[in-house]
Amino acid sequence: MTAPVPYIGRFAPSPTGPLHLGSLVAAMASYLDAKAHGGQWLVRIEDVDGDRNVAGADRHILASLQRCGMQWDGDVTWQTQRTALYDAALAQLADSVYPCGCSRREIADSQTRLAAQHGANASLVYPGTCRAGLAPGKVPRALRLRTPVAPAHVVGFQDRWHGWVEQDITREVGDFVVRRADGFWAYQLAVVVDDGAQGITDIVRGADLLDSTPRQLYLQDLLGLPHPRYLHVPVVLNDAGEKLSKQTGAAAFDNGAGPADLLAHALLPAARFLGLHVTADSIAGFWQATVPAWERLLRERGAF
Ligand code: GLU
């Protein structure tokens, strides 16, 4: 008999507002994948971006997950309680990190010039202004991680939904921020440190984060962390084709709704979006139907 393959997944919402159809889809996909693999499902509140946190949104999200029958394993973690781990990672990266004194404005200006020279994609790239030291008169603001110098450093991975994905982080990203000018930890660093510390084996999240994954793989290598498997599900768009979010008009999850409303207006639409055409008249029945349906869907795609 072969031992079961360990599986630890997670849902990692930023507490910027209540759950909505878009974030419910991400939560549901990661929950279904964990259940279909007989694995654990952790919840981590990604509250490092102090400017975007909304008071009470974390508790609201957790209550919504429980209303939907998505019970996490172990204790919920909050990134703001884990900053010692990010400090330790930064110390480990010390030789690859440098202070940057550029304002957003200066980067935007130089990106406009780069874009004119190299095409639209260059607008993402940090031009390397402070790489060789702060220019006279500049004060350190953010901390940036050195990425390999030109001509190229391609990082690729096999996404379970999208297939092979790759990005040249030298040409398409450049040196990226690990601690922000306002002192907050950057998402890229915190997420990698936490996924590593929590032993996450499988990351299932929205495809809006596909182009963050190569940066995260790069950081995992520098920190000596294993690479998890990745599956990026499609993101829900609004009528204008924008990613659904509170800002783009998503309806907030109603924690007062009864089971029939939850099924009709939240769970079944989210499942349909993922390609799971199930019927259910109770929340327990919904999960009994969707867990095997998810496994079938992924097996058909060769991605289980
Ligand atoms: N906190 C991120 C978000 O809410 C998700 C991070 C992740 O799943 O890696 O968009």
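Residues numbered from 1 in each chain as written. Predicted model: local features only at pLDDT ≥ 70, side-chain atom pairs only at ≥ 80, totals over all residues. Heavy atoms only, no water.

The chain carries the name Glutamyl-Q tRNA(Asp) synthetase in an unreviewed UniProt entry, which gives [Empedobacter] haloabium as its organism. Its UniProt record gives the chain a comment under Sequence similarities (unreviewed entry), which states: "Belongs to the class-I aminoacyl-tRNA synthetase family. GluQ subfamily." The chain has a UniProt comment under Function (unreviewed entry) that states "Catalyzes the tRNA-independent activation of glutamate in presence of ATP and the subsequent transfer of glutamate onto a tRNA(Asp). Glutamate is transferred on the 2-amino-5-(4,5-dihydroxy-2-cyclopenten-1-yl) moiety of the queuosine in the wobble position of the QUC anticodon." (UniProt positions renumbered as here; feature names shortened; annotations may be inferred.)

Asks: I keep staring at the site of the ligand and nothing clicks. Help me out?
Replies: Taken together, R10, A12, P13, S14, E46, Y187, V191, R205 and L209 make up all the residues around the ligand. Between a nitrogen atom of the ligand and a side-chain N or O atom of S14, the distance comes to 2.9 Å. In this structure, an oxygen atom belonging to the ligand sits 2.8 Å away from a side-chain N or O atom of Y187. Computed on the free molecule, the ligand has an accessible area of 300 Å², of which 80% lies beneath the protein chains in the complex. By residue class, the composition of the shell around the ligand is 5 nonpolar, 1 polar and 3 charged. (Near = heavy atom within 4 Å. Polar contact = N/O pair within 3.5 Å; in protein donor to acceptor, adjacent residues only side chain to side chain. Areas by Shrake-Rupley, 256 points an atom, 1.4 Å probe, with all protein chains shown as cover. Nonpolar A, V, L, I, M, F, W, Y, C, P; charged D, E, K, R; others polar.)

Asks: Can you help me understand the side chain of D58 in this one?
Replies: Assignment of secondary structure puts D58 in helix α2 (residues 57–67). The buried charged residue D58 lacks any salt bridge, with R59 as its nearest oppositely charged partner at 4.8 Å. Setting aside chain neighbours within four positions, we find D58 in contact with P15, I45 and W78. (Helix = DSSP H or I, 4+ residues; strand = E, 2+ residues; numbered from the N terminus. Buried < 20%, exposed > 50% of the residue type's maximum accessible area, 1.4 Å probe, protein only. Lys, Arg positive; Asp, Glu negative; His and termini not counted. Salt bridge = Lys/Arg side-chain N within 4 Å of Asp/Glu carboxyl O. Contact = heavy atoms within 4.5 Å.)

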